[in-house]
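# Topology and contacts: notes
Here is what each chain is made of, one letter per residue.
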Amino acid sequence: MSLAENLAVIQQRIRAACQRAGREPRSVSLLAVAKTHPPEAVIAAADLGLSLFGENKVQEAKAKIPLCPGKLRWHFIGHLQSNKCREAVEWFAMIESVDSLALAQEINKRASAAAKTMPILLEVNVAGEASKFGYPPERLLAELKEINALPRIEIHGLMAVPPWASVAESSRTHFRRLRELKRECEQILGAPLPHLSMGMSGDFEVAIEEGATIVRVGTALFGTRAAAKAAARTDEIGGD
Ligand SMILES: *Cc1c(COP(=O)(O)O)cnc(C)c1O
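Description of the structure in this document. (Residues numbered from 1 in each chain as written. Predicted model: local features only at pLDDT ≥ 70, side-chain atom pairs only at ≥ 80, totals over all residues. Heavy atoms only, no water.)

## A closer look at the pattern of salt bridges
Filter applied, for reference: Throughout this description, the term salt bridge denotes a Lys or Arg side-chain nitrogen within 4 Å of a carboxyl oxygen of Asp or Glu. Numbering of helices and strands starts at the N terminus; helices are DSSP runs of H or I of at least 4 residues and strands are runs of E of at least 2. Any residue under 20% of the maximum accessible area for its type is buried, any over 50% is exposed, and the rest in between are partly exposed; the area is computed with a 1.4 Å probe on protein chains only.
A complete count under the given rule lists 16 salt bridges for this structure. R172 is paired through a salt bridge with E169; the nearest N and O atoms lie 2.4 Å apart. With its nearest N and O atoms 2.6 Å apart, the salt bridge here joins E209 to R172. Of this pair, E209 sits in helix α8 (residues 204–209) while R172 sits in helix α7 (residues 172–189), and the two are 37 residues apart along the sequence. Take R172: its relative accessible area is 15%, and that puts it in the buried class. Each member of the salt-bridge network shares a partner with another, and the members are R20, E169, R172, R176, R179, E209 and E210.

## Let's talk about the side chain of K35
Note the following rule: Charge counting treats Lys and Arg as positive and Asp and Glu as negative, with His and both chain ends excluded. Any two residues whose heavy atoms approach within 4.5 Å at even a single point are treated as in contact.
Its location among the elements puts K35 in the loop between β1 (29–33) and α2 (39–47). Although K35 lies buried, it forms no salt bridge, and the closest oppositely charged side chain, E55, sits 8.4 Å away as judged by the N-O distance. The contact partners of K35, leaving out residues within four places of it in the chain, are G54, E55, N56, E60, K64 and R225.

## Quick word on the nonpolar core
Where we set the bar: Among the buried residues, those of types Ala, Val, Leu, Ile, Met, Phe, Trp, Tyr and Cys that are joined through side-chain atoms within 4.5 Å form a nonpolar core.
In terms of nonpolar packing, the biggest core is built from 66 residues, with F53, I107 and L122 touching the most fellow members. Ranked by the residues each element gives to this core, the list is headed by helix α1 (residues 3–21), at 6 residues. Every residue in contact with L122, bar those within four places of it in the chain, is listed here: E96, V98, Y135, L140, L144, I147, I155, G157, L158 and M159.

## Description of the packing of aromatic side chains
Operational definition: Two aromatic rings from Phe, Tyr or Trp, using only the six-membered ring of Trp, form a pair when their centres are within 6.5 Å; if the ring planes differ by under 30 degrees the pair is stacked, by over 60 it is edge-to-face, and anything between is tilted.
Scanning the model with the defined rule gives 2 aromatic pairs in all. Aromatic side chains F53 and W74 sit 5.5 Å apart centroid to centroid with 35° between the ring planes, which places their arrangement in the tilted category. Within this pair, whereas F53 is found in strand β2 (residues 52–55), its partner W74 is found in strand β3 (residues 73–76), the two being separated by 21 residues in sequence. Across the pair, exposure class does not vary: F53 and W74 are buried alike.

## Some words on the site of the ligand
This is how the line gets drawn: Neighbouring residues are identified by heavy atoms, a residue being near a molecule or strand if any of them is within 4 Å of it. Pairs of N or O atoms are called polar contacts if they sit within 3.5 Å, as long as, within protein, a hydrogen donor faces a hydrogen acceptor (for residues adjacent in sequence, only side-chain-to-side-chain pairs). To be clear on the numbers: accessible area is Shrake-Rupley with a 1.4 Å probe, and residue cover counts the displayed protein chains and nothing else. Residues are grouped as follows: Ala, Val, Leu, Ile, Met, Phe, Trp, Tyr, Cys and Pro are nonpolar; Asp, Glu, Lys and Arg are charged; all remaining types, including Gly, are polar.
Residues in close proximity to the ligand include V33, K35, I77, V161, M200, S201, R216, V217, G218, T219 and R225, which together make up its full environment. Within the contact set of the ligand, a nitrogen atom lies 2.8 Å away from a side-chain nitrogen or oxygen of R216. One nitrogen or oxygen atom from the side chain of R225 is found 2.8 Å from an oxygen atom belonging to the ligand. Contact with the protein chains covers 89% of the free accessible surface of the ligand, which is 390 Å². Residues belonging to the shell around the ligand are distributed by class as follows: 5 nonpolar, 3 polar and 3 charged.

## Observations concerning the environment of A142
In this fold, A142 is placed in helix α6 (residues 137–148). In this structure A142 comes out as exposed when scored by relative accessible area, which is 64%. Through-space distance from the C-alpha of A142 to that of I188 is 9.7 Å; in sequence the pair is 46 residues apart.

Take a look at the structure:
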């Protein structure tokens, strides 16, 4: 299927999930996860009307973003090392994967130096997986006020990557947990948090039913990343 066909199917599925949940389709943003895919794929997606893109590596993003239309917005969705914060602040409109006070402090410092305010989401390790990044929920609640007090950081909500599951329905309890956690955070902060970034190619409809405002979709839109890598290798061999 072409990118246009993939996008049409995804948008139809988003609309249907919104209808089931009694939500406005406008309340869900589709974030196109472009990691491993070339700038041409982003340009084609932008031509189809997409404006929100995600990358999980700073190095890859800073090579790709300058080759893409300047009007696009980019979210960082990967594990961020403190020595990459300066560049992340420079290239991204939002960092979705903040999972420690130390990281938030470093972003705050770099944003201050760049005379910016950085919108962030706090990433939560919803299933307590040892192999995953993300805040354990208790620590998030304990550190939330201190993060919120950082002058150059704006907390916009929560993000999670639940355990991989072959059945989308298995993610529902994790999405629900993230939504409940957002409510607890709102109580602590005494202010609403607009965003829940949850749901990927395999489970974004369930995420929407549970309140996602940002769904991060890569494979269902651009195809598999293995195929993208193989195509890049062919390009290298063949030259241009
Ligand atoms: C790669 C990635 C996605 C997209 O995953 P797909 O299954 O390809 O849609 C979403 N979120 C994060 C954090 C990712 O790293």
